[in-house]
Every structure is written in C-alpha cells, then in structure tokens.
Amino acid sequence: MLLLQLKNITKRYPGVVALKGVNLDVVKGEVHALVGENGAGKSTLIKVCTGAVVPNEGQIVIQGREFSCLTPKLSAQMGIAVIYQEFNLVDGLSVAENIFLGRAIRKGIVIDRKAMAKEAARIFRQLDIDIDPNELVANLTVGYQQLVEIAKAVSQNAQILIMDEPSAPLTQVEAESLYAMIEKLKASGVTIVYISHRMKEVFRLSDRITVMRDGQIIETMNTADTNLDNLVKLMVGRELTETYPPRKPCVSDDVLLEVQNLSGNGVHDINLQIRKGEVLGLAGLMGAGRTQLAELLFGVKPKTKGRVVLNGNEIHPRLPKEAIECGIALVPEDRKRQGVLLELDVKGNISMAILERISRFLTVNKKEEQRIAEYHRESLRIKTPTLEQKVKNLSGGNQQKVIIAKWLASEPTLVIFDEPTRGIDVGAKSEIYTLLNRLVESGKAVLMISSEMEEVMGMSDRILVLRDGRIVGELERKEFSQEAIMGLASQS
Amino acid sequence: MPRRAEGTRKETVKYSTLRNTLGSVAASIGKQYGIHIVLLTLVLFFSFASEDFFASSNLLNVARQVSMMGIAAVGFSFVLLLGGIDLSIGSLVSLVNIVTAWLMVNAGWSPVPAVILALVLSAAVGFSNGWIIANLQMPPIIVTLAMMIIIEGVAYLICRGLPIFGFPKSFSVIGQGYVGPVPIPVIIMAVIMGLGMFILKNTYFGRYFYAVGGNEEAAELSGIDVKRVKYLVYTLSGFFAGIAGIVILSRTNSGQVLSGKGLEFDVLTACVLGGVSVSGGVGKISNVLAGILVLGVLSNGLVLLDVSQFVQMVIKGAVLLAAVALDCLQHRKKT
C-alpha cells in the first residue's frame, strides 16, 4: 500500500532548481533508503515532506489525501516525523518531559511528572530502550539522545519516520542499537525513510533504495537487486575505482612527534610517536578521549603533566595560536561550530590562519591572500563560483575542503584530522583521502581520529586504540581488523 | 517523462527563473542600500516640508550635530561586530568631559596634556571592560552596565555635580573651529570613520573582529588569540568615546556630568540602523554613517517642523525597534 507519494515535485530557488519533477513512492512498512551526494536535493525533498518548503509544482499524497503543499502542523498531523542530526531536545529537562514536550500530562494545572515518567518508561520498554525517564537529557550521550528523539516521535504516533543521517554522530556500538531500534520499528509497522552516506547500513537496513542526483530521482530499486559499486556509480554519475586511493610507501624513520606521559583534559599517561610520512589512526568509542587528546596537542586545553616533542624540540602550546606556530594544524570534528566561519567568504576563511604572516605594518597583503586562496582552490578543487562566495553557501564537502585549505596554507608539519569525512558525500570523501595521501607523501605526518572503522583501517599505517582516556592497544597494518579494534575499544 | 511536455516546461522555468532573479536582485539591493534609501527619503521629505532644511548651513549643522555620535560609533561598531555591547561609552564621555575640564581649570594644566591624560584614561577604562569580559567570561552587557554606573559615580565625585568652566581660549578650536566651511568635529569624524574602515578592510586584526564575532570557537581554533582581540576592541571603543568626549567638551565649553547621558543608546540605534548585526560578525562602517545621518536628519528635521521633544523620543524609539526587527527577520530567514 502506498503511504506517501510525491508526484512531479519541482522546487526552484533563484538561480537553481533544487528539485526537478521528483516522483517518489513510499510503501507502508518499508525501510526506504534515500542516497545521493551532498547537494543532490535530499534535504529539500525532506523539507517538502515536512512542510518547511513549499514546492513550485507537483502533489504530495499521504494516505490517499492529496496536497499541493504541506505546513509543518499538517505534516505532523498526517503522521510524518523527522529525526534530524541536530536534536530538538531541551537539555535542561528530563527525558520524560522532553518526550511530552508541549503536551504534558497534567493534573488540573499542575504537571504530573510521575505519570509522564511512567508513560515514558512504558514507551521505552516497548522499544527495548534502557534509559531512566527522570535523567536529564544533558547527561545522555548523543546516541541515547537520539533514541529519546525517536521515542518521542513514536509516542506521537508517527507513521512515517524520516531519518536524516541518524548514524553520523554515533559510535559503532551506538549505531548498532540504532539499527536494532529501526528493525523493531519496522516490525511494528512504522515506515522509515532513511538518509545516509554510509552504504553499509543502507544495504543492511533498507528494503528499497532511491538514488538522487542533481535534484532528480535517478532510480528506485530493490536493495536485493543492487550492489555497492552500482549504487556508487548511480550516485556520482561516474565510476569510482576504489574508496581508499593507494599511496606510495612514505613512512620514514624520523620521528616527528613524540608524546611522553601526557595527561590532562580527561586523558592519562599517553605515550605515542608519529613518524614523518605516517598516518596514525586513533580509534575508540565516543568519549574514549580521542578528541580530548587532540585538544591537548593543539593547545586548546592545558596539560597537567607530560612532554610533547615536535621535531626534536619540546613544545608547550597554551593556545591554538601557539600550536599553529609550532607547525600543528587541527581539522576539527564539528565543521560548522569549530571549523568554518560561515559568514566570511572562501578567501577569508582560507587566509584566516596566516593573516598575520602575510601582513606588513598591520595591513594584509591582499594580492598575496588572493594568490594563496586561488592556489588552494585549484589544488583542492573547491567548488565555488568565486573566492568571494560566503562559505555558508557551499556544500559540506566543499566547506571541509576550505578548512583543509586553511591549514595547508599555514604549512604545517603535523595535521590532526578529527572525523575528516563526517557527513560528506562519497565523491568528496575520496578526494579528501587523496589529499591526506598527498600530505604524507610530502613528508608531513597525519593523526587521524575516526569513528568509521573502515576509514581508520583503510587510511592508517598504524592504529592506536583509546579507552577511558588511555591507550589500550596498538595495531600494525597487518593486524588491522574490525574485531581487533572493537575488542580493544569496548573491553571493560 | 513525456517528451512533448518538455518544451513548454522549459519556457516556464526560464520565465520564472528570470522573475526570481529580478526579485532577488531587488531584495539584495534593498538589503545592501536599504539604509541609504531611507536616508534619501527623509532628506527629500524634509526638504519639501521645511524650507530651511536643505540650506547648506543647516546640512553642515546636521553633520556637526552627529559628529560626536559618529566618532563613538566606530568603536561601538567594533564591539557589536564582536558580538558584544558597550553601555559604558555614554558615562565615559561624561567622565572624560569632567576630568579634562577639572585638569584644565582646577589643576591648571594646559589643554594638550589634559586631553592626552583623559584619552589614556578612556582607553584604560575600555581595556578594563575587555579584560573582565574576556577573563571572567561575564556577559558584556552586565560588565559595561556596571562600568557605566561606576564611571558616572566617579565623575560626580570629581565635580560634586557642578559644571566646570573657564577653559583656555585655544581649547574651543576642536569643537567650534572651521576649516573653510567645514566644522572641525566633522573632519575629526571623517578621519576616524576612515580609520575604522581601514582597520576593518585592510588590517589583519580588523578581520579578526568579524571572525571572533562570527564564531568565537572556530576563530580560536584558527589561531586567533580571542582574548587579545577583545582587549583591543573594548580599548578602542573606550578610546573613541574619549575623543567624542573631548569634542563635546570643547563644543559646549563647560564640563558637565550629563554631557554623555544616553549617548550609548543613540549610537546603538545608529549602528543597528546601519545594518550592524547585534549578534555579531556582520556590519560595515559606511552603512553606520548612513545610520547616524538618518538619526541626525530625523531630529534636525523634526525640530525644524516644530515637533515636540517628547514626540521625538517616541519616534526615535520606534526607529530603533524597527531596525532591530528588520535585523532579526533577516536572521530568521536564513535558518
């Protein structure tokens, strides 16, 4: 039975057509995966379904009722709920209060906390989630917050759950419980539209897959009838030879960075070495201390003890500024919050870390700035109409490239990547991998933090596994396996 | 997709793309030059409504009236760009006023050292604001509010609430002199605004104001020493307010505790009218100048039309509200 049907939906923005005559059928009870590169039109399509965007043409048919456009309220009434990457939860309220936000159970004019907690507990039991309804949302990990968000949607009798890259912020273990949850929802008759860049989970979860590209639906097919290569080919419109481009052996014997007994910011007694030309992977669960370690090295947080030796000199960065002067760069985890300056243009973002260096008498040498920005735009193939384009108008992958360009301009010797490809489409991913290769091939060193198991194994020369702020294991290339890493990361 | 439908669809697309493009061009002109259009409209309106308005003497008069505001607005814009606010500039103008007057009259200093000391003092007050905000992580509105009250108290303590007058003759040049037909305060304003534009456009630290105001965390992680930027910006705000204080003192020829009262809100209104975002990271000095002129033309024109002081207050308040509302609406559209 068709639950949701989009007929010939077209949405135009000034200068761009975001959706071109899109036709999509969603069958009741299925998990329907929606895949495509960033900018393919997936987000706009979702927004049409939630009433956030009014299409220029076409009809939306939900449970037999036809609409030319929806409002957010109408969409919710028709049983559509969306789980966004950014959660709509209130940190300072309890789990139960969040679930019943705006429709609290009351006794007269007083909120009945007990009844809400009881009802929330019932929903959790039904979904097999282990969360205390009285816990504050702020105290939950991202994974649990997401489960609360889903429970909230379910409690509102959502018929169609649209999930926008739900697994992106999750660790492997957390993602597993998300998958289990999806299976359970499906069994109880909820229809799920699942958007993801992770092909593995798409194949694992979905019944059907729809590929979007350039605002159009390219194909809808049964998951059983396709494979990864075919899917990737449809998404990018060209064939990708390999996800992890090969690199020349380039690990030298010279140690670039040596860390001895480093403690502070939640990590303890870290000892590690990175050689020139090496990619060192840092694996571990969320909260294992990987980002915290990066923050120590980059001078974001102070160390309590230990030594950091870079190129033979002991360094004590107390600010990122000082770490950068030592030759360290950090591509942070959260692109929008920590990486780019959205209101600034591409050029201004690229030159941000070297402005003082290219200034004389306090004045920026604009020709030099232009030249450097242009050089990196070309070499990284940043897709932007001009260097004066505001960064907020670029796609996620191109924003990430702008951040990388900023660091390449500062000519670092050690680059720390924290989740370098989170939320980035397949094509841009492989370009970033190539770039990483170029970095180490030119004798620089890379410290790569990643929650994507395949990525860590595909790109690293060596992997260190962290757990509870300590290094619990080191794996050489030939020892790499998902089991080995997960084993080290999750032992208690 | 049926083939034959394609031709007509293409044409519809073309037509509506054209329409959308025109619409967005109009919108972006409105956004960029909105304040200039408002200014032009006001000037035209008052020119027709009052025959005295468009006289060159009156226009120069308007320019001189707004010059103190314009001088202080440069530092204030920097603070807004950073995502902060500086409520202490009004009191600071009063303090500089009183201190300079006291030094010249009661301590017998000559104008130059008195002015220098007063300017150093104003920069120091600004620096304290910045230091407290950056190191104690307090909200700027509270820090500068407290500073405003402290400074006003100090000014009262120095002069015991009485005006101080009787300055050397030479001192009046700053506020009352002319170069050709142009009043000196207007020239000072032009120089300082030019300096402000230069800082924002061409210096590296000017770029940092936008970066820190746009996203403090990302700025810090890009190697910007955010604390130092804050010290600098609040120090400049204090310093420029100090210059405004000197100009006002020279113009009125009498040190008064109330000389800067409420200036912070006039300047805030002008900056916001000029499109400086109260949430930081967005703004241009050239538009702030237009914002200041709008306020100046408005109050001058209303006086010429004999509108009462109180009605003027109502209008000014409404203008501020409308300007902020516009700013917020634009922000909401983005998300």
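Residues numbered from 1 in each chain as written. Chains lettered and ligands numbered in written order. Predicted model: local features only at pLDDT ≥ 70, side-chain atom pairs only at ≥ 80, totals over all residues.

### Quick look at the overall build of chain B
Step number 1: Across its full length, chain B carries 13 helices and 4 strands.
Step number 2: Within chain B, buried positions represent 47% of all 335 residues.
Step number 3: Looking at chain B alone, contacts between residues at least 24 apart form 81% of all its contacts between residues at least 6 apart. (Helix = DSSP H or I, 4+ residues; strand = E, 2+ residues; numbered from the N terminus. Buried ≥ 20, exposed ≤ 12 C-beta atoms within 10 Å, placed from the backbone. Contact = placed C-beta atoms within 7 Å.)

### Here's the deal with the overall build of chain A
Step number 1: Tallying secondary structure elements over chain A gives 17 helices and 24 strands in all.
Step number 2: Over its C-alpha trace chain A gives a radius of gyration of 24 Å, about what one expects of a compact globule, namely 23 Å for 492 residues.
Step number 3: The principal-axis extent of the C-alpha atoms belonging to chain A is close to 70 × 50 × 50 Å.
Step number 4: Across the 492 residues that make up chain A, the buried fraction comes to 46%. (Rg over C-alpha atoms; globule rule 2.2 N^0.38 Å.)

### A closer look at helix α8 (residues 204–214) of chain B
Think of an α-helix as 3.6 residues a turn; residues three or four steps apart then line up on the same face.
Step number 1: Among the 11 residues in α8(B), 10 count as buried, and that is most of the element.
Step number 2: Considered for burial, the residues of α8(B) that qualify are Tyr204(B), Gly206(B), Arg207(B), Tyr208(B), Phe209(B), Tyr210(B), Ala211(B), Val212(B), Gly213(B) and Gly214(B).

### Focus on the sheet that holds strand β22 (residues 445–449) of chain A
All names here are of chain A.
Step number 1: Strand order in the open sheet formed by 6 strands is β18-β21-β22-β15-β23-β24, with mixed pairing between adjacent strands. The open sheet terminates on both sides in strands that have one partner only, identified here as β18 (328–331) and β24 (470–476). The mean angle between the axes of side-by-side strands here comes to 20°, regardless of whether they run parallel or antiparallel.
Step number 2: Inspection of the sheet shows β18 paired to strand β21 (residues 414–418) by 4 bridges, in the parallel sense. Following the sheet pairing, Val331 is matched in β21 by Phe417.
Step number 3: The strands touched by helix α15 (residues 426–441) within the sheet are β15 (279–284), β21 and β22, with β22 carrying the most contacts at an inclination of about 145°. (Pairing = 2+ DSSP bridges. Axes fitted to C-alpha atoms, helices over the stretch in contact; angles between N-to-C directions.)

### Comments concerning the domain arrangement of chain A
Residues and elements named next belong to chain A.
Step number 1: When its domains are assigned, chain A resolves into domain 1 (2–236) and domain 2 (255–490).
Step number 2: Listed by partner, the interface residues are 15 residues for domain 1 and 16 residues for domain 2.
Step number 3: Secondary structure elements with two or more residues in the side of domain 1 that touches domain 2: α6 (172–187) and α8 (228–236).
Step number 4: Within the side of domain 1 that touches domain 2, the residues separate by chemical class into 6 nonpolar, 6 polar and 3 charged. (Domains from an automatic or database assignment. Nonpolar A, V, L, I, M, F, W, Y, C, P; charged D, E, K, R; others polar.)

### A look at the nonpolar core
Step number 1: Counting 177 residues, the largest nonpolar core has Ile416(A), Ile71(B) and Ala72(B) as its most contacted members.
Step number 2: Considering every element that reaches this core, the biggest residue donor is helix α10 (residues 226–252) of chain B, with 15 residues.
Step number 3: Those residues within four positions of Ile416(A) in sequence are excluded, and the remaining contacts are Ala294(A), Leu297(A), Phe298(A), Ile328(A), Ala329(A), Leu330(A), Val331(A) and Leu447(A). (Core = buried A, V, L, I, M, F, W, Y, C linked by C-beta atoms within 7 Å.)

### Some remarks on the interface of chain B and chain A
Step number 1: Counting residues at the interface gives 26 residues for chain B and 28 residues for chain A.
Step number 2: Residues belonging to the side of chain B that touches chain A are distributed by class as follows: 9 nonpolar, 13 polar and 4 charged.

### A look at the sheet that holds strand β17 (residues 313–314) of chain A
Residue and element names in this part refer to chain A.
Step number 1: Pairing is antiparallel in the open sheet, where 4 strands are placed in the order β14-β13-β16-β17. Lying at the two open borders of the sheet, with one neighbouring strand each, are β14 (267–275) and β17.
Step number 2: Where strand β16 (residues 305–310) lies against β17, 2 bridges are found, and the strand directions are antiparallel. Residue Val309 lies in a different strand from β17, and its bridge partner there is Glu314.
Step number 3: Against the sheet, helix α9 (residues 290–297) makes contact with β13 (255–264), β14 and β16, and its axis sits at roughly 70° relative to β14, the strand it touches most.

### A look at the environment of Val112(B)
Step number 1: For Val112(B), the position within the fold is in helix α4 (residues 111–136).
Step number 2: Val112(B) sits 99 residues away from Ala211(B) along the chain, and the two C-alpha atoms are 37 Å apart.

### A few points about the packing of helix α2 (residues 56–81) of chain B against helix α7 (residues 184–202) of chain B
Residue and element names in this part refer to chain B.
Step number 1: Close contact between α2 and α7 brings their axes to 8 Å; oriented N to C, the two are set at 25°. As summarised for this structure, α2 and α7 are arranged roughly parallel, according to the angle between their axes. Between α2 and α7 lies a crossing whose hand is left-handed. In this structure, α2 uses Ala63, Arg64, Ser67, Met68, Gly70, Ile71, Val74 and Ser77 to contact α7, whose residues at the interface are Pro185, Val186, Ile188, Met189, Ile192, Met193 and Gly196. (Parallel < 35°, antiparallel > 145°, perpendicular 65-115°, else oblique. Left-handed = near helix turned anticlockwise from the far one by under 90°.)

### Considering the environment of Leu408(A)
Step number 1: Among the secondary structure elements, Leu408(A) is positioned in helix α14 (residues 396–409).
Step number 2: Taking the C-alpha atoms as reference points, Leu408(A) and Asn265(A), separated by 143 residues in sequence, lie 27 Å from one another.

### With respect to the confidence of the model for chain B
Residue and element names in this part refer to chain B.
Step number 1: Per-residue confidence for chain B gives a mean pLDDT of 88; residues scoring 70 or more make up 88%.
Step number 2: Confidence, expressed as mean pLDDT per element, reaches its minimum in chain B at helix α1 (residues 5–49) with 67 and its maximum at α4 with 97.
Step number 3: Here residues 1–13 is modelled with pLDDT under 50, and outside its nearest four sequence neighbours on either side it reaches 1 contact, counting other chains as well.
Step number 4: Confidence metrics for the complex model read pTM 0.75 and ipTM 0.80. (pLDDT = per-residue confidence, 0-100.)

### Points about the pairing of strand β3 (residues 31–35) of chain A
Residue and element names in this part refer to chain A.
Step number 1: Across the 5 residues that make up β3, a large majority, 5, are buried.
Step number 2: The side-chain alternation of β3 yields two buried faces, one formed by Val31, Ala33 and Val35 and the other by His32 and Leu34.
Step number 3: Bridging between β3 and strand β10 (residues 191–195) involves 4 bridges; their strand directions are parallel. In the sheet register, Leu34 faces β10, and the bridge partner there is Ile195.

### Considerations on unusual backbone geometry
With glycine set apart, most residues show a phi of negative sign, and most peptide bonds adopt trans.
Residue and element names in this part refer to chain A.
Step number 1: Even without a glycine there, the phi angle at Asn261 is positive, about 50°.
Step number 2: Here Asn261 is to be found in strand β13.
Step number 3: Although it is not a glycine, Asp468 sits at a positive phi angle of roughly 50°.

### A closer look at the pairing of β22(A)
Residue and element names in this part refer to chain A.
Step number 1: Of all 5 residues in β22, 5 are buried; the element is thus mostly enclosed.
Step number 2: Every second residue of β22 is oriented toward a common face, with Ala445, Leu447 and Ile449 on one face and Val446 and Met448 on the other, all of them buried.
Step number 3: Note that β15 and β22 share 4 bridges and pair parallel. Paired with Leu282 across the strands is Ile449, a residue of β22.
Step number 4: Following the chain from β21 across α15 to the adjacent parallel β22, one finds a crossover that is right-handed. (Right-handed = clockwise from strand over helix to strand, strands pointing away.)

### What about helix α5 (residues 142–155) of chain A?
Residue and element names in this part refer to chain A.
Step number 1: The end-to-end C-alpha separation of α5 is 20 Å, in line with the 20 Å expected for 14 residues at 1.5 Å each.
Step number 2: Burial analysis of α5 places 11 of its 14 residues in the buried class, which makes it a mostly covered element.
Step number 3: Buried residues of α5: Gly143, Gln145, Gln146, Leu147, Val148, Glu149, Ile150, Ala151, Lys152, Ala153 and Val154, and no others.
Step number 4: Next to the buried residues of α5 lie β6 (80–83), α3 (95–99), α4 (113–127), β9 (160–164) and α6. (Expected span 1.5 Å × (residues − 1).)

### Section: the environment of Ser395(A)
Step number 1: Checked against the element boundaries, Ser395(A) lands in the loop between α13 (366–380) and α14.
Step number 2: Judged by the 17 C-beta atoms lying within 10 Å of it, Ser395(A) falls in the partly exposed class.

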